[in-house]
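# Survey of secondary and tertiary structure
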Amino acid sequence: MRMILGPSCDVQGASLSTRDELNGNSPGNLAARIVELFGELRMPLFRYLVVALGSAEAAEDAAQECFLRLCRHLQQGGEVKNERLWLFHVAHNLLVDQK
């Protein structure tokens, strides 16, 4: 699975407030954090979704959507204290929405 964030999650072009920049939340830091999380959590999330959906292709699409939503949430100034929990919660909600 490759990470393709595309224009809907332009972490390099994110505009952040001075407060965010002082806290180390610059667009570069955001991009690096998303890439780090993708490397760390993509396979556990993918496995969860494969079991739930029964299809590797559908699981890959759903996992990508979870990371896109995380990226958008962080770009909009949202706070996430536990990224793993947040991503799995979004995955669960995607599964519920598909039923």
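As shown above, the structure is provided for reference.
Quick caveat: nothing in here was measured; it's all calculated off a predicted structure. (Residues numbered from 1 in each chain as written. Predicted model: local features only at pLDDT ≥ 70, side-chain atom pairs only at ≥ 80, totals over all residues. Heavy atoms only, no water.)

We now examine the overall build of the chain. Helix and strand content of the chain: four helices and zero strands. Counting helices and strands in the order they occur from the N terminus, the chain gives α-α-α-α. The buried share of the chain, reckoned over its 99 residues, is 35%. Long-range pairs, those at least 24 residues apart, make up 62% of the contacts in the chain between residues at least 6 apart in sequence. Accessible area for the chain stands at about 6,100 Å²; split by element, carbon and sulfur atoms hold 50% of it. (Helix = DSSP H or I, 4+ residues; strand = E, 2+ residues; numbered from the N terminus. Buried < 20%, exposed > 50% of the residue type's maximum accessible area, 1.4 Å probe, protein only. Contact = heavy atoms within 4.5 Å. Areas by Shrake-Rupley, 256 points an atom, 1.4 Å probe, with all protein chains shown as cover.)

On to helix α4 (residues 83–98). Taking 1.5 Å per residue as the helical rise, α4 with its 16 residues ought to reach 22 Å, and the 23 Å between its terminal C-alpha atoms agrees with that figure. Regarding α4, the residues found buried are Glu 83, Leu 87, Phe 88, Val 90, Ala 91, Leu 94 and Leu 95. All buried residues of α4 project into a common sector of 155° when viewed along the axis, lining one side. Residues of α4 that are exposed and angled more than 90 degrees away from the buried face: Leu 85 and Asp 97. For α4, the side-chain oxygen to backbone nitrogen distance between the N-cap and Arg 84 is 3.2 Å, and the N-cap itself is Asn 82. (Expected span 1.5 Å × (residues − 1). Arc of directions from axis to C-beta. Polar contact = N/O pair within 3.5 Å; in protein donor to acceptor, adjacent residues only side chain to side chain.)

The residue Glu 83 is located in helix α4 in this model. Only 3.1 Å separates the side chain of Glu 83 from the side chain of Arg 33, close enough to count as a polar contact.

The next subject is the packing of aromatic side chains. If you walk through the whole model with that rule in mind, you get two aromatic pairs. Between Phe 38 and Phe 67 the ring centres are 4.9 Å apart and the planes differ by 70°, which places this aromatic pair in the edge-to-face class. With Phe 38 in helix α2 (residues 27–53) and Phe 67 in helix α3 (residues 56–75), the pair connects residues that are 29 residues apart, well separated along the chain. For the pair Phe 38 and Phe 67, a shared accessibility class is recorded, and that class is buried. Seen in terms of ring centroids, Tyr 48 and Phe 88 are 5.4 Å apart; in terms of plane orientation they differ by 55°. Their pairing is tilted. Here the residue Tyr 48 occupies a position in helix α2, and Phe 88 occupies one in helix α4, the gap between them amounting to 40 residues. Take Tyr 48: its relative accessible area is 30%, and that puts it in the partly exposed class. (Phe/Tyr/Trp six-rings, centres within 6.5 Å; stacked < 30°, edge-to-face > 60°.)

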